[in-house]
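Now for the letters of each chain:
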Amino acid sequence: MNESDSTPRIGQIVLINKGRDAGQFAVIIRHIDERFVLIADGDRRKFDSPKKKNIQHLTCYNYVSTEVRNSLMEAGRVTNGKLRWALGKFVEEELDVLEKGDSLNGERRCN
């Protein structure tokens, strides 16, 4: 389910592997260059103050939130609520399939 070779896409869900936010999920909201992207989760990292992250420090999942991507393409921005909703939907749908019964214990972790 991981996709490490191809370039990250706007609206794609990622897992942060390095730094203070390691173990958290976020959404790619902008490309800076071939190495860096801006990510936000709508909670600790709001859309207005995203985190610049090296893509080598992220695990990209093969899941793109069409709602977030469409909002960014049409309006140039996305609400923090929509980012939280997209991450919640991803955790609910995709991680339940990936983990096969393991619980998240109320946290957004992928261990």
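The following refers to the structure shown. The shown structure was predicted, so the numbers you read here are calculated from the model rather than taken from an experiment.

### Concerning the packing of aromatic side chains
Aromatic rings in a pair are described by how distant their centres are and how their planes are angled relative to each other.
Item 1. Scanning the entire structure with this criterion turns up 4 aromatic pairs.
Item 2. Taken together, a centroid distance of 5.9 Å and an interplanar angle of 55 degrees make the contact between Phe25 and Tyr61 tilted. Note that Phe25 is positioned in strand β2 (residues 25–31) and Tyr61 in strand β5 (residues 58–64), a separation of 36 residues in sequence.
Item 3. With relative accessibility at 4%, the residue Tyr61 sits in the buried group.
Item 4. Pairing Phe25 with Phe90 gives two aromatic rings, centres 5.5 Å apart and planes at 70 degrees, and the pair type is edge-to-face. With Phe25 in strand β2 and Phe90 in helix α2 (residues 80–99), the pair connects residues that are 65 residues apart, well separated along the chain. Pair check on accessibility: Phe25 and Phe90 agree, each one buried.
Item 5. By the ring-pair criterion, three or more aromatic residues cluster together here, those being Phe25, Tyr61, Tyr63 and Phe90.
Item 6. The residue whose ring lies beneath Lys52 is Phe36, and the NZ or CZ to ring-centre distance is 4.6 Å.

### Re the environment of Ser65
Item 1. Relative to the helices and strands, Ser65 is located in the loop between β5 and α1 (66–75).
Item 2. Linking Ser65 and Leu83, residues 18 residues apart in sequence, is a C-alpha distance of 9.0 Å.
Item 3. If sequence neighbours within four positions are ignored, Ser65 has contacts with Gly11 and Ala86.

Rules of the game
Residues numbered from 1 in each chain as written. Predicted model: local features only at pLDDT ≥ 70, side-chain atom pairs only at ≥ 80, totals over all residues. Heavy atoms only, no water. Phe/Tyr/Trp six-rings, centres within 6.5 Å; stacked < 30°, edge-to-face > 60°. Helix = DSSP H or I, 4+ residues; strand = E, 2+ residues; numbered from the N terminus. Buried < 20%, exposed > 50% of the residue type's maximum accessible area, 1.4 Å probe, protein only. Lys NZ or Arg CZ within 6 Å of the ring centre and 35° of its normal. Contact = heavy atoms within 4.5 Å.

By themselves, these figures tell us nothing about what the structure is for.
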